[in-house]
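Take a look at the letters that make up each chain.
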Amino acid sequence: SYAEAFESVARGPNKGLSVTKLAAAPRPSYRKGRLGKRVALVREVVREVAGLAPYEKRLLDIVKLGSGNVEKRCYKYAKKRLGTHKRALAKREEIKNIYSKMRARAAGAGATA
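First things first, this report covers the structure right here in the doc.

Observations regarding the pattern of salt bridges
Phase 1 of the analysis: Going through the model one piece at a time under the given rule, you end up with eight salt bridges.
Phase 2 of the analysis: A salt bridge links glutamate 71 to lysine 96; its shortest N-O distance comes to 2.7 Å. Residue glutamate 71 is found in helix H4 (residues 70–82), and its partner lysine 96 is found in helix H5 (residues 85–112); the two are separated by 25 residues along the sequence.
Phase 3 of the analysis: Two residues, glutamate 93 and arginine 92, come together in a salt bridge whose shortest N-O distance is 3.9 Å.
Phase 4 of the analysis: Glutamate 93 gets classed as partly exposed once you look at its relative accessible area, which sits at 35%.
Phase 5 of the analysis: Here arginine 92 falls in the buried class, since its relative accessible area comes to 14%.
Phase 6 of the analysis: One continuous salt-bridge network, built from bridges that share partners, spans Arg47, Glu56, Lys91 and Glu94.

Comments concerning the packing of aromatic side chains
Phase 1 of the analysis: Within this structure, the stated rule accounts for zero aromatic pairs.
Phase 2 of the analysis: One residue, arginine 58, lies across the ring of tyrosine 77, its end atom 4.7 Å from the ring centre.

What about a nonpolar patch on the surface?
Phase 1 of the analysis: A surface patch of nonpolar side chains, about 310 Å² in accessible area, is lined by Leu41, Val45 and Val49.
Phase 2 of the analysis: Note on placement: valine 49 falls in helix H2 (residues 37–50).
Phase 3 of the analysis: In this structure valine 49 comes out as exposed when scored by relative accessible area, which is 71%.

Details of the nonpolar core
Phase 1 of the analysis: Counting residues in hydrophobic clusters, the biggest one holds 12 residues: Leu59, Leu60, Ile62, Val63, Val70, Cys74, Tyr75, Tyr77, Ala78, Ala88, Ile95 and Tyr99.
Phase 2 of the analysis: If you list the elements that add at least two residues to this core, you get helix H3 (54–65), H4 and H5.
Phase 3 of the analysis: No other element matches the five residues that H4 contributes to this core.
Phase 4 of the analysis: The contacts of leucine 59, once residues within four sequence positions are left out, are Cys74, Tyr77, Ala78, Lys91 and Ile95.

Structural notes on the environment of alanine 109
Phase 1 of the analysis: Here alanine 109 lies in helix H5.
Phase 2 of the analysis: Given a relative accessible area of 45%, alanine 109 falls into the partly exposed group.
Phase 3 of the analysis: Sequence separation between alanine 109 and valine 39 is 70 residues; the distance between their C-alpha atoms is 30 Å.

A few points about the layout of surface pockets
Vacant regions in the atomic arrangement are exposed by a probe of water-molecule size rolled over the atoms.
Phase 1 of the analysis: Counted as a void, the largest pocket has a volume near 720 Å³.
Phase 2 of the analysis: Looking at the largest pocket, it is lined by 15 residues, and the ones nearest its centre are Arg43, Glu44, Arg47, Glu94 and Ile98.
Phase 3 of the analysis: Contributing elements (two or more residues each) for the lining of the largest pocket: H2 and H5.
Phase 4 of the analysis: Here the lining of the largest pocket gets six residues from one element, more than from any other, and that element is H5.
Phase 5 of the analysis: In the lining of the largest pocket, the residues fall into five nonpolar, three polar and seven charged.

The rules we used
Residues numbered from 1 in each chain as written. Predicted model: local features only at pLDDT ≥ 70, side-chain atom pairs only at ≥ 80, totals over all residues. Heavy atoms only, no water. Salt bridge = Lys/Arg side-chain N within 4 Å of Asp/Glu carboxyl O. Helix = DSSP H or I, 4+ residues; strand = E, 2+ residues; numbered from the N terminus. Buried < 20%, exposed > 50% of the residue type's maximum accessible area, 1.4 Å probe, protein only. Phe/Tyr/Trp six-rings, centres within 6.5 Å; stacked < 30°, edge-to-face > 60°. Lys NZ or Arg CZ within 6 Å of the ring centre and 35° of its normal. Patch = residues over 30% accessible without salt bridge, like charges linked within 9 Å, V, L, I, M, F, W, Y side chains within 5 Å. Areas by Shrake-Rupley, 256 points an atom, 1.4 Å probe, with all protein chains shown as cover. Core = buried A, V, L, I, M, F, W, Y, C linked by side-chain atoms within 4.5 Å. Contact = heavy atoms within 4.5 Å. 1 Å grid on protein atoms, 1.4 Å probe; cavity = no way out; pocket = protein on both sides within 12 Å on 5 of 7 lines; lining within 4 Å. Points joined across faces, edges and corners; volume = space filled by probe spheres on them. Nonpolar A, V, L, I, M, F, W, Y, C, P; charged D, E, K, R; others polar.

Structure, rendered in structure tokens:
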């Protein structure tokens, strides 16, 4: 009958030969934008040798003085200089990390002296 003939037709999501899918290796393009060891080392050396840019020194001063809403003032200054929200937030965090390392180094030096 027509119904039996229709049932025997391969159709729908499960049609065709059933196979087990192989796990594909991640594509190299998925790594895009990740920080590699070599790049991190080069940036660290450049930062040590070249130091901070003038606007970064100003950001560091804003963090050091700590009057008023430091986070907001730091962000606004960075955004004006760098142009985008994302870059400003990243720079603010970078400067805060630099300041915390400076304080830790100073505290370490004070404890040994």
